[in-house]
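# Inside the fold
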Amino acid sequence: MRRFAIQDPFSPYVDRPDVTAALINDSPFDGKQFNLSLSMVFGSQNLSTYVRSTSKAYYNYYLSKTVQENTAGLPFAEPAPLKSNVLGGQGIFAGYSLHVDGTLTPKDIEDQVVGTYYLSETQIYPSDPDAVSAKIKFTLHPNHSVTGFMQYPSDNDSMVVISLDGGYTITNNESYYHLVQLHHNAKTFFRNVGLKIHTGAKNQNIYLSTDQTVVDGDGNYTIISRTFLKQNDDGFR
């Protein structure tokens, strides 16, 4: 779900706020059908809509979370504790059922993301010659396993090759975008990296990107942005 305008079904001309998600209490319509109008503010015309029927516990938690976020940075705001339904502790146990309508469903994402990816572009600040010239290639398999490697030409006489073999998961970050989360055993800054999936339609090529901040033992940091293109049957896209 990208940015859209939501129209209140009971006050259709009062307000059209620009939002990315909305939670609606079912008390006013009590199970009756109503029309919810969604219109694009900007961006792609390939709109996917995610509709979740949530439990009351999730609804209460979401409302309290919204109030807390809205009071952030306001020194005179009233305390905004998060709702909790865990006895003897804090947390939320809740659930929802999901319906997806549009051009790109979670199953479409999973079907498209399988394949081999190679490092297409690297931007690093401050500059690091070894990291810029690194070679990274990995394959995401249908069984959610990963095979691949990282290759670092650390100097002219030696080369470091690290296995990326492991697994991956695909997660939906609050409907803004999907993430491919890599998992492998090697202790590298690329372990557990979250790669954003970029695509707008079922038949559009997918590419992955990531932005990382790496901090060494002395507190020095390096910002690394990478883009990975997917390889097709005949070679590279």
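That block above? That's the structure.
Here the residue index of a chain counts from 1 through its sequence in written order. The model is predicted, so local features are restricted to residues of pLDDT at least 70 and side-chain atom pairs to those at 80 or more, both for listing and for counting; the totals for chains, interfaces and linings are taken over all residues. Side-chain metrics in this entry use all non-hydrogen atoms of the structure; hydrogen atoms and water are not considered.

Counting its secondary structure elements, the protein chain contains 3 helices and 15 strands. For the protein chain, the residues scored as buried account for 27% of the 237 residues in total. Any two residues whose heavy atoms approach within 4.5 Å at even a single point are treated as in contact. Partitioning the intrachain contacts of the protein chain with sequence separation of at least 6 by distance along the chain shows that 47% fall at a separation of at least 24. In this description, accessible areas are obtained by the Shrake-Rupley approach with a 1.4 Å probe, and a residue is regarded as covered only by the protein chains that are shown. Just so you have it, the protein chain exposes about 15,100 Å², and 50% of that area is on carbon and sulfur atoms. Numbering goes from the N terminus for both helices and strands, where a helix is a DSSP run of H or I of at least four residues and a strand is a run of E of at least two. Exposure is judged per residue with a 1.4 Å probe applied to protein chains only, and the accessible area is read against the type maximum: over 50% gives exposed, under 20% gives buried, and values in between give partly exposed.

This paragraph deals with the pairing of strand S8 (residues 145-152). Only one face of S8 is buried: it carries Val146, Gly148, Met150 and Tyr152, and the other face, with Ser145, Thr147, Phe149 and Gln151, is open. The sheet contact formed by strand S7 (residues 135-140) and S8 spans 6 bridges and is antiparallel. The residue bridging isoleucine 136 from the neighbouring strand is methionine 150, located in S8. Pairing between strands is defined by DSSP: at least two bridges between the two strands are required. The antiparallel pairing of S7 with S8 creates a hairpin that spans 4 residues between the two strands, and histidine 144 there sits at a positive phi of about 65°. Across 4 bridges, S8 lies against strand S9 (residues 160-163) in antiparallel orientation. In the strand pairing of S9, phenylalanine 149 is matched with serine 163.

Across 4 bridges, the pairing between strand S6 (residues 115-125) and S7 is antiparallel. The residue bridging tyrosine 118 from the neighbouring strand is lysine 137, located in S7. Here S6 runs beside strand S14 (residues 221-232); their pairing, made up of 9 bridges, is antiparallel. Directly across from glutamate 121, in S14, lies its bridge partner threonine 227.

Without other data, these values stay purely geometric and don't point to any function.
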